[in-house]
Structure formats: structure tokens, C-alpha cells
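# Coordinate inspection notes
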Amino acid sequence: MQAAVLRAIATPLVIETLPVPQPRRGEVLIKVAACGVCHSDLHAVDGDWTPLPTLPLVPGHEVVGHVAGLGEGVEHFRLGEPIGVPWMYSACGTCEFCLSGMETICLKAEATGYTKPGGYAEYMIADAAFCGRIPEAADLYEIAPILCAGVTTYRGIKRTGARPGQWLTVIGIGGLGHIAVQYAKAMGLRVAAVDVSEEKLELARQFGAEMAFNAATTDPVRAIRESIGGSHGAVVTAVSPRAFEQSVGIVRNGGTVAWIGLPGGKQDEIRLSIAAVVNGEVSIRGSSVGTRQDLQEAIDFAANGLVRARIEKAPLADINGIFARMKKAEINGRVVLAIA
Ligand code: NAD
Ligand code: ZN
Ligand code: ZN
């Protein structure tokens, strides 16, 4: 099979021919149809995070395909059925986090396309217990980004606690953010958008954002405070530490920000006003991908037409060029690799 492989950190991916893997007990073999290109894949390749990914690496964790082989004991998937693989490859299932519905923070979790081979390949193995069920009628290319961008922003919005009728600011309207705007609208929230590109702000408006501010030319904190007194919640998907600093001022007193973006490396630290957090009783919550239940709910929104990724299809061989465009923030929506 063809796969895009990272042999050393911060080098281009190389298309190689690898043997088709075989599923073991509890695993499925998947014939990959589509895989979204998430900024986390670029962080993996660039070595922005600690610990570094397991090399050699096949990235990709917004995977949709069909079941091509069943390991022993797998009974809840059929051969040929559509299936999705998220970032959370597996979690231990027995720790305090797994037992309390917080499997996203399991210390023994494995990550698709980071610690395990992912979907930049014609075939991959997944843990059947952690795969998503994809409706037969779904457009596989459009639904692929839901496996990460979708579930992650859906959970992030929930973690702000913002209720229908309240304001949510989506900071960063990239692959994650343009989908976050749609979940927020579908969940009955009013949306303000912040990015540094007019094209992306226009996309946010098309998806129902009532206000959109360009952080390169305006102070979004001031603009949002002046127009609505600050939003009730905010999600930060921007790959910029400045956006995280601003998020605390963008919410009104009592507001909650959910941090999703992971700039990493030298960009991992910020400066905040302690007084702004204390006096405004602002909550800051981290939000890491989503549980299996979050994933199934996030897929349902998309299957019901409430959320639809704006996608651009590309062949696997284009991957290094796609990463170069992503670095310059030149992708509007999500690029999805059309693998089969
Ligand atoms: P992307 O490159 O598609 O989008 C990033 C967006 O941020 C771009 O639209 C860019 O214009 C915008 N931006 C840059 N600087 C900004 C600023 N100062 N203010 C506002 N917007 C700004 O990336 P993506 O695929 O959407 O991923 C975003 C981040 O989320 C990455 O760091 C990724 O690793 C992370 N991520 C985290 C999780 C999680 O579980 N927490 C899951 C998936 C992705
Ligand atoms: Zn991702
Ligand atoms: Zn666990």
C-alpha cells in the first residue's frame, strides 16, 4: 500500500510502499477513503510537542473509510461498513479518568497518527472500540474533518457552558474554527468570530457569525467588549499565543474560555493578567479532542446536515505542499486527502 511517511522530525513526508497491516484481536483493518489534514499533523511533523511522535510515522487522524478486515472478537462492525478513526486511538478503560467519562485525559491513551500509524495511507489498523460509526449516506470526504475538527470544537463549546441565546466567540477560523461556528449556531448560540484573515472572517459570516473581527487590524478584546460587553464563552483554536491572551478579555465577567489550539514549541507560553481572571471570575478550561460519546454526537450533527465542513480535496502526493500552505494560514476550511 502507499503511505506518506515521516522518517525524521521536520523533514518532508515521503510516499512509500508499505505492507498492508493485519488486524489483531479487537482491531479493524480499514481501507481509507479520506483523511483530513489537521494542523496537529503539521505540529507532529515539525516536532512542536513533547513527547515527540513515534517514528517512523504515518500521520493522519481525521480518517474515514470502510472496514476491510476484522480482528478476533470484533462484533460491532461488519465488513464493508463505513467507519471513522479519531485522534483518540485508544484509552485504558480502567483508570479514574476513563471510569468517570473523561477518557480524553487518560494517561495511557494512544494517539492516531502520533503514537500509532494514521490515515495518510491506503490502509490502517484501528482499535474497534474507539472507532466512530459513520452513516451509510454520509459524504465520506465532507465527514472526515468531523473526526477531529468536529468532535474537538463540539466538546470545546460544551466546556464553555454557554447556553442557547448566549454569545460565543470563536477565535481562529481555520479548519477547526469554521466548524466551531457551525456547531455553535446549531446549539443555539450567537457567534462572534476572530481571525487575522478577511477571507476566513467572511467564511465565518457565511456560517452565521453575527460579528467578525480581524485581530491583525483591530483589538478584538475592545471590539467585543464595546459591542456586547464580552461574550459568555470563547473557544480558542488559533495557532497564536496572543489569541490565548486575548481570550480572557474577550469573555464577560463569569465567562469561560475553552483552550483548544496547541501552538507548542517556543509559542507555548503566554502572559495573563491575574487580576482580570480573579476579579472577573473568569474560568479557563483546557479541551482535548472528545470522548467516544462526544464523537458520535458530533457525527450526528453532520449527518443531519447541521454542520458541513468546507473542504478542498487533494491527492496524498500533495501533502508537503498542503503543509506549506497551512503554515502560511492560506487554507480556507479544510484540505481532505482523497485516498480512495
Ligand atoms: P488551521 O491552521 O486550519 O487554523 C488556524 C487558524 O488560526 C487560521 O485560520 C489562522 O488564520 C488563525 N490565526 C492565526 N493567528 C491568529 C490570531 N492571532 N488570532 C486569531 N486567529 C489567528 O489549524 P486547525 O487545524 O484549525 O488547528 C488549530 C489548532 O488546534 C492547532 O494548534 C491544532 O494542533 C490544535 N488542535 C487541538 C486539538 C485538541 O484536542 N485540543 C484538536 C485538534 C487541533
Ligand atoms: Zn486534529
Ligand atoms: Zn484510562
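Residues numbered from 1 in each chain as written. Chains lettered and ligands numbered in written order. Predicted model: local features only at pLDDT ≥ 70, side-chain atom pairs only at ≥ 80, totals over all residues. Heavy atoms only, no water.

### Some words on the domain arrangement of the protein chain
Domain boundaries in the protein chain define domain 1 (2–148 + 290–338) and domain 2 (150–286). Spacing between the C-alpha centres of domain 1 and domain 2 amounts to 26 Å. Contacts between the two partners involve 29 residues from domain 1 and, on the opposite side, 25 residues from domain 2. Buried surface at the junction of domain 1 and domain 2, both sides included, amounts to about 2200 Å², of which 57% is carbon and sulfur. Linking domain 1 with domain 2 are 3 salt bridges. Glu297 is the partner of Lys158 in a salt bridge, and the nearest nitrogen-oxygen pair spans 3.3 Å. (Domains from an automatic or database assignment. Contact = heavy atoms within 4.5 Å. Buried area = accessible area lost by both parts, 1.4 Å probe. Salt bridge = Lys/Arg side-chain N within 4 Å of Asp/Glu carboxyl O.)

### Thoughts on the environment of Asp318
Checked against the element boundaries, Asp318 lands in the loop between strand E16 (311–314) and helix H11 (319–327). Asp318 sits in the partly exposed class, given a relative accessible area of 37%. C-alpha of Asp318 to C-alpha of Leu13: the two residues are 305 residues apart in sequence and 9.9 Å apart in space. (Helix = DSSP H or I, 4+ residues; strand = E, 2+ residues; numbered from the N terminus. Buried < 20%, exposed > 50% of the residue type's maximum accessible area, 1.4 Å probe, protein only.)

### As for the packing of aromatic side chains
Enumeration over the complete set of coordinates arrives at 7 aromatic pairs. For the pair Trp49 and Trp87, a centre-to-centre distance of 6.2 Å together with 80° between the ring planes defines the contact as edge-to-face. Taken together, the positions of Trp49 in the loop between helix H1 (39–46) and strand E4 (63–70) and Trp87 in the loop between strand E5 (82–85) and strand E6 (88–90) put the pair 38 residues apart, joining distant regions of the chain. Here the two residues Trp49 and Trp87 agree in accessibility, since each one is buried. Consider the rings of Trp87 and Tyr114, whose centres lie 5.6 Å apart with planes at 45°: the pair is tilted. Of this pair, Trp87 sits in the loop between E5 and E6 while Tyr114 sits in the loop between strand E7 (110–111) and strand E8 (123–127), placing them 27 residues apart in sequence. Ring pairs connect the aromatic residues Trp49, Trp87 and Tyr114, which therefore count as one cluster. (Phe/Tyr/Trp six-rings, centres within 6.5 Å; stacked < 30°, edge-to-face > 60°.)

### A closer look at the sheet that holds strand E15 (residues 283–286)
The strand order E12-E11-E10-E13-E14-E15 describes an open sheet built from 6 strands, whose pairing is parallel. Of all the strands in the sheet, the pair left with one neighbour each is strand E12 (211–214) and E15. For this sheet, the mean inter-axis angle between neighbouring strands, taken without regard to orientation, is 20°. The pairing of strand E14 (residues 251–259) with E15 spans 4 bridges and is parallel. Of the residues in E15, the one forming a bridge with Ala258 is Arg285. (Pairing = 2+ DSSP bridges. Axes fitted to C-alpha atoms, helices over the stretch in contact; angles between N-to-C directions.)

### Examining the site of ligand 1
Neighbouring residues of ligand 1: 30 residues in total, closest His39, Ser40, Asp195, Val289 and Arg334. Leu262 has a polar backbone atom sitting 3.0 Å from an oxygen atom of ligand 1. Calculation on ligand 1 without its partners gives an accessible area of 870 Å², and the protein chains cover 93% of this total. Of all the secondary structure elements, the ones that give two or more residues to the shell around ligand 1 are H1 and strand E11 (190–195). Of all the elements, H1 adds the most residues to the shell around ligand 1, at 3 residues. In terms of residue class, the shell around ligand 1 is made up of 15 nonpolar, 12 polar and 3 charged. Domain assignment of the residues forming the shell around ligand 1 places at least three in each of domain 1 (2–148 + 290–338) and domain 2 (150–286). (Near = heavy atom within 4 Å. Polar contact = N/O pair within 3.5 Å; in protein donor to acceptor, adjacent residues only side chain to side chain. Areas by Shrake-Rupley, 256 points an atom, 1.4 Å probe, with all protein chains shown as cover. Nonpolar A, V, L, I, M, F, W, Y, C, P; charged D, E, K, R; others polar.)

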